[in-house]
Amino acid sequence: KNQVEQSPQSLIILEGKNCTLQCNYTVSPFSNLRWYKQDTGRGPVSLTIMTFSENTKSNGRYTATLDADTKQSSLHITASQLSDSASYICVVSEFGGSYIPTFGRGTSLIVHP
Amino acid sequence: DGGITQSPKYLFRKEGQNVTLSCEQNLNHDAMYWYRQDPGQGLRLIYYSQIVNDFQKGDIAEGYSVSREKKESFPLTVTSAQKNPTAFYLCASSIGQTYNEQFFGPGTRLTVL
């Protein structure tokens, strides 16, 4: 069964600090991996999408990495801001599979001033 | 503006009543999805539709029903058979099978009184 595991479950950091969120998956064969940001009470919004051949993808202060060999991804947030407080969800899709991707449970990030 | 909309944002219902959540998209996407989100849990798939007049059950379809009479619309009915309906409901759409990045609506929070 395809699975996506995220760690840590929650994280508290001070404004201006960096942090890294982790995602491990068992989805195979792999098609793509996306990181979403979900503000409280809102729908998820896509941050990055990476395919098999991509190792790194940046979106402003967000940088995602992918190691397809170890089936791991990370999301690095640089110089955190209060607006980064949200849940970050890792989503992995299977190549040639159904329309349905596999969702992680998310990491809840709180940025304190 | 292109996008996906859900209404209402908040919904209250008495036990034993059916209620319908609206989801509309003007992205010309073929596929549409309904997810349920509970605190501390990942998104769980209720129903999905790949094409008009066709839909499939997801992981937690019991107590829910859907219709797909138009490409733009995918309403979800929460029936009285759903034992624990209080949750945050998210609708999403995607282009189709070959490129399945999902775009999410803002969500509907349903509370059963």
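What comes next is a walk through the structure. Note that this is a predicted model, so its numbers are computed, not measured. (Residues numbered from 1 in each chain as written. Chains lettered and ligands numbered in written order. Predicted model: local features only at pLDDT ≥ 70, side-chain atom pairs only at ≥ 80, totals over all residues. Heavy atoms only, no water.)

1. Section: the overall build of chain A
To keep things clear, this is the line we draw: Secondary structure elements are defined from DSSP: runs of H or I of at least 4 residues count as helices, runs of E of at least 2 residues count as strands, and each element is numbered from the N terminus. Relative accessible area decides the class of each residue, using a 1.4 Å probe on protein chains only: under 20% of the type maximum gives buried, over 50% gives exposed, and in between gives partly exposed. Only heavy atoms enter the contact rule, under which two residues are in contact if any of them lie within 4.5 Å. All accessible areas in this document rest on Shrake-Rupley with a 1.4 Å probe, and a residue is counted as covered only by the protein chains that are shown. Only four residue types enter the tally: Lys and Arg on the positive side, Asp and Glu on the negative side; His and the chain ends are excluded. For charged residues, the charge sits on one atom: NZ in Lys, CZ in Arg, CG in Asp, CD in Glu.
Looking only at helices and strands, chain A features zero helices and eleven strands. Along the chain direction, N to C, the helices and strands of chain A fall in the order β-β-β-β-β-β-β-β-β-β-β. Split into buried and exposed, the 113 residues of chain A put 43% on the buried side. The contacts in chain A between residues at least 6 apart in sequence include a share of 57% that link residues at least 24 apart. Carbon and sulfur atoms make up 49% of the accessible area of chain A, which totals about 5500 Å². On chain A, the mean spot of the 9 positive side-chain charges and the mean spot of the 8 negative ones are 5 Å from each other.

2. Topic: the interface of chain B and chain A
How we decide: Accessible-area loss on putting two parts together, using a 1.4 Å probe and summing over both, is the definition of buried area adopted here. What makes a salt bridge here is a side-chain nitrogen of Lys or Arg within 4 Å of a carboxyl oxygen of Asp or Glu, nothing more. Think of a polar contact as two N or O atoms within 3.5 Å of one another; within protein, one of them needs to be a possible hydrogen donor and the other a possible acceptor, and neighboring residues in sequence only count if both atoms come from side chains. Polarity classes work like this: nonpolar for Ala, Val, Leu, Ile, Met, Phe, Trp, Tyr, Cys and Pro, charged for Asp, Glu, Lys and Arg, and polar for all others, with Gly in that last group.
The partner chain A presents 20 residues to the 25 residues of chain B that form the contact. Taking both sides of the interface into account, the surface hidden between chain B and chain A amounts to around 1800 Å²; carbon and sulfur atoms contribute 56%. Our enumeration of links across chain B and chain A arrives at zero salt bridges. Where chain B meets chain A, there are four residue pairs in polar contact (both at pLDDT 80 or more). Counting only elements with at least two residues in the side of chain B that touches chain A, the list comes to β4 (31-37), β5 (44-51) and β9 (87-94) of chain B. Take the side of chain B that touches chain A: its biggest share by element is four residues, from β4 of chain B. Split into classes, the residues belonging to the side of chain B that touches chain A amount to eleven nonpolar, eleven polar and three charged.

3. Considerations on the sheet that holds strand β3 (residues 19-25) of chain B
Strand pairing in a sheet relies on backbone hydrogen bonds, with the paired strands running either antiparallel or parallel. Residues and elements named next belong to chain B. We apply this condition: A pair of strands counts as paired when DSSP detects no fewer than two bridges linking them. Helix axes are fitted to C-alpha atoms over the stretch in contact, other axes to C-alpha atoms as well, and angles between N-to-C directions run from 0 to 180 degrees.
Pairing is antiparallel across the open sheet formed by four strands, whose spatial order is β1-β3-β8-β7. At either end of the open sheet lies a strand with only one pairing partner, and these are β1 (4-7) and β7 (64-66). When strand polarity is set aside, the average angle formed by the axes of neighbouring strands in this sheet is 20°. In this sheet, β3 lies alongside β1 in antiparallel orientation, the contact comprising four bridges. Among the inter-strand pairings, Gln-6 is bridged to a residue of β3, identified as Cys-23.

4. Thoughts on the packing of aromatic side chains
So the rule is basically this: Geometry of aromatic contacts follows a simple scheme: Phe, Tyr and Trp rings, the Trp one being its six-membered ring, pair when their centres are within 6.5 Å, and the pair is stacked under 30 degrees between planes, edge-to-face over 60, tilted otherwise. The rule is short: NZ of Lys or CZ of Arg within 6 Å of the ring centre and within 35 degrees of the ring normal puts a charge over the ring.
Under the counting rule described, the total for this entry stands at nine aromatic pairs over all chains. Centroid distance Tyr-36 of chain A to Phe-104 of chain B: 5.5 Å. Interplanar angle 90°. Geometry classified as edge-to-face. Linking Tyr-36 of chain A in strand β4 (residues 30-38) with Phe-104 of chain B in strand β10 (residues 103-104), this pair reaches from one chain into another. Each member of the pair, Tyr-36 of chain A as well as Phe-104 of chain B, is classed as buried. Against the face of Phe-74 of chain B rests Arg-68 of chain B, its NZ or CZ located 6.0 Å from the ring centre.

5. Overview of the nonpolar core
Condition: Residues grouped as a nonpolar core are buried Ala, Val, Leu, Ile, Met, Phe, Trp, Tyr and Cys residues, joined through side-chain atoms within 4.5 Å.
In this structure, Tyr-25, Leu-33, Trp-35, Leu-75, Tyr-88 and Val-92 of chain A are the most contacted members of the largest nonpolar core, which totals 23 residues. For this core, the secondary structure elements donating two or more residues are β3 (19-25), β4, β5 (45-51), β7 (62-67), β8 (72-77), β9 (86-94) and β11 (107-112) of chain A. Excluding residues that lie within four positions of it along the chain, Tyr-25 of chain A makes contacts with Gln-3, Val-4, Phe-30, Leu-33, Leu-66, Asp-67, Ala-68, Lys-71, Gln-72 and Val-92 of chain A. Ranked by size, the runner-up nonpolar core spans 20 residues in total, among them Val-66, Leu-76, Val-78 and Cys-91 of chain B.

6. A short note on unusual backbone geometry
Residues Ser-7 of chain A and Pro-8 of chain A are joined by a peptide bond in cis, for which omega reads -10°. Along the polypeptide, Pro-8 of chain A turns up in the loop between β1 (4-7) and β2 (10-14). Geometrically, the link from Ser-7 of chain B to Pro-8 of chain B is a cis peptide bond, its omega value of -5° lying close to zero. Checked against the element boundaries, Pro-8 of chain B lands in the loop between β1 and β2 (10-13). The backbone of Lys-71 of chain A sits at a positive phi, close to 60°, despite the residue not being glycine. Counting through the fold element by element, Lys-71 of chain A comes out in the loop between β7 and β8. With a phi angle near 65°, Asn-53 of chain B is a residue other than glycine that sits in the positive phi range. Following the sequence through the fold, Asn-53 of chain B ends up in the loop between β5 and β6 (54-57). Residue class for Asn-53 of chain B comes out exposed when judged on its relative accessible area of 62%.

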